[in-house]
Amino acid sequence: MALIDYGSEINLMSMDFYKKDWWPINTKHGRKIRMASRAIEELHGACPNVRVKVGDVEIDQHFFV
């Protein structure tokens with residue numbers, strides 16, 4: 001499994017990926033996302049400052065679950 005950055009302004013991770021490490025999460029963020037099917041879904045939570053390492057580069061990113 002991997003987290004992939006497609007250059008979007010938000011970073012998403014699946015619930016399955018989140019459960020592998022259990023980062024601190026804010027479930028009272030109130031954010032929603034519009035899917036490609038035009039359906040609107042509520043996001044489970046926001047994980048601030050998730051440490052991501054790619055090669056020799058490490059950076060903290062915010063992810064929504």
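Residues numbered from 1 in each chain as written. Predicted model: local features only at pLDDT ≥ 70, side-chain atom pairs only at ≥ 80, totals over all residues. Heavy atoms only, no water.

Participant: Just checking my understanding: could you explain the packing of aromatic side chains for this structure?
Facilitator: One pass over the full model with this rule turns up 2 aromatic pairs. Here Phe-17 and Trp-23 contribute two aromatic rings whose centre-to-centre distance is 5.9 Å and whose plane-to-plane angle is 20 degrees, an arrangement assigned as stacked. Each of the two residues, Phe-17 as well as Trp-23, counts as buried. (Phe/Tyr/Trp six-rings, centres within 6.5 Å; stacked < 30°, edge-to-face > 60°. Buried < 20%, exposed > 50% of the residue type's maximum accessible area, 1.4 Å probe, protein only.)

Participant: Just to check I follow, could you spell out the nonpolar core for this structure?
Facilitator: Side chains of a nonpolar character, in soluble globular proteins, are inclined to be buried together. With 9 residues, the main nonpolar core is built from Met-13, Phe-17, Tyr-18, Trp-23, Cys-47, Val-50, Val-52, Phe-63 and Val-65. Among the elements that line this core, the one with the most residues is strand E3 (residues 46-54), at 3 residues. (Core = buried A, V, L, I, M, F, W, Y, C linked by side-chain atoms within 4.5 Å. Helix = DSSP H or I, 4+ residues; strand = E, 2+ residues; numbered from the N terminus.)

Participant: Which parts of the structure should I look at to understand unusual backbone geometry?
Facilitator: Outside of glycine, negative phi angles account for most residues, and trans bonds account for most peptide bonds. One non-glycine residue, Arg-38, adopts positive backbone phi at about 75 degrees. Tracing the chain through its elements places Arg-38 in the loop between strand E1 (32-34) and strand E2 (40-42). Given a relative accessible area of 62%, Arg-38 falls into the exposed group. If you check the backbone angles, Asn-49 has positive phi at about 55 degrees while not being a glycine. Within the element layout of this structure, Asn-49 appears in strand E3.

What is shown is where atoms sit, not what they do.
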